[in-house]
Amino acid sequence: MMRRALDAARAAVAAGEVPIGAVVARDRRLVCVAHNAPLGRTDPTAHAEMLALREAARALGAPRLPGTTLYVTLEPCLMCLGAMVHARIDRLVFGAPDPKVGATRLFADRTAADLGLNHAFAIEGGLLAEESAALLRSFFRARR
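Residues numbered from 1 in each chain as written. Predicted model: local features only at pLDDT ≥ 70, side-chain atom pairs only at ≥ 80, totals over all residues. Heavy atoms only, no water.

With that settled, the discussion passes to the overall build of the chain. Looking only at helices and strands, the chain has 6 helices and 5 strands in total. The N-to-C order of helical and strand elements in the chain reads α-β-β-α-α-β-α-β-α-β-α. The globule rule puts the C-alpha radius of gyration for 144 residues at 15 Å, and the 14 Å found for the chain is close to it. Taken along its principal axes, the extent of the C-alpha atoms in the chain is 45 × 30 × 30 Å. When each of the 144 residues of the chain is scored for burial, the buried share is 44%. The long-range share in the chain, meaning contacts at least 24 apart out of those at least 6 apart in sequence, stands at 57%. About 7,600 Å² of surface is accessible on the chain, with carbon and sulfur atoms providing 54% of the total. (Helix = DSSP H or I, 4+ residues; strand = E, 2+ residues; numbered from the N terminus. Rg over C-alpha atoms; globule rule 2.2 N^0.38 Å. Buried < 20%, exposed > 50% of the residue type's maximum accessible area, 1.4 Å probe, protein only. Contact = heavy atoms within 4.5 Å. Areas by Shrake-Rupley, 256 points an atom, 1.4 Å probe, with all protein chains shown as cover.)

This is the structure in structure tokens:
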């Protein structure tokens, strides 16, 4: 699934967006694919994760997404993690860490109750991290 997210990140580059891709899967089956689109949509919330969660909710016919895994090429920000809590995903898998705005460290070693949340999910980082990071480096190098 992370390879599909990387393909979506490449599609973001073609659209002039920062190369971040996301996939939602349930029972090892693809539910949807999305890529970053805040520039094209003139929407600061149009992160790949947010778009994937919205599309998954439409595809599955429910605002809650139990039993799903969200794969994303870059560690999510706090906004996206909050949306994942509200969507009730089971698991997050991300590629490259984001030392600037990546927010998964806020969840590390804490329970949902510790954070005042009503839902928690498993978080795994580093899947195809170098490939994800290389795509981002290449994109920003070309823009400088």
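Let us now look at the sheet that holds strand E1 (residues 21-26). Pairing in this open sheet of 5 strands is mixed, and the strands run E2-E1-E3-E4-E5 from one edge to the other. Unpaired on one side and paired on the other, strand E2 (29-35) and strand E5 (122-125) mark the two borders of the sheet. Adjacent strand axes in the sheet meet at a mean angle of 15 degrees when their direction is disregarded. Note: E1 against E2, 6 bridges, orientation antiparallel. If you follow Ala22 over to E2, its bridge partner there is Ala34. Contacting E1, E2 and strand E3 (68-74), helix H3 (residues 48-60) runs over the sheet at an angle of about 140 degrees to E2. (Pairing = 2+ DSSP bridges. Axes fitted to C-alpha atoms, helices over the stretch in contact; angles between N-to-C directions.)

Below, the discussion takes up the packing of helix H1 (residues 2-14) against helix H6 (residues 129-143). Packing of H1 against H6 leaves a shortest axis separation of 11 Å and a crossing angle of 5 degrees. As the angle between them shows, H1 and H6 are arranged roughly parallel. Residues Arg3, Leu6, Ala9, Arg10 and Val13 of H1 form the contact with H6, whose own contacting residues are Glu131, Ser132, Leu135 and Phe139. (Parallel < 35°, antiparallel > 145°, perpendicular 65-115°, else oblique.)

Glancing now at unusual backbone geometry. The phi dihedral of Arg28 is positive, around 65 degrees, even though this residue is not glycine. The residue Arg28 is located in the loop between E1 and E2 in this model. With phi around 65 degrees, Arg88 is a residue other than glycine that occupies positive phi space. Looking at the secondary structure, you find Arg88 in the loop between helix H4 (78-87) and strand E4 (91-96).

If you check H1, its first and last C-alpha atoms are 19 Å apart, about what 13 residues at 1.5 Å a residue would give, namely 18 Å. Looking only at H1, the buried set comprises Met2, Ala5, Leu6, Ala8, Ala9 and Ala12. On an axial view of H1, the arc spanned by its buried residues comes to 160 degrees, and they lie on one face. In the core, the buried residues of H1 are packed alongside E1, E2, E3, E4 and H6. Among the residues trailing H1, Gly16 stands out with phi positive, at a value near 80 degrees. (Expected span 1.5 Å × (residues − 1). Arc of directions from axis to C-beta.)

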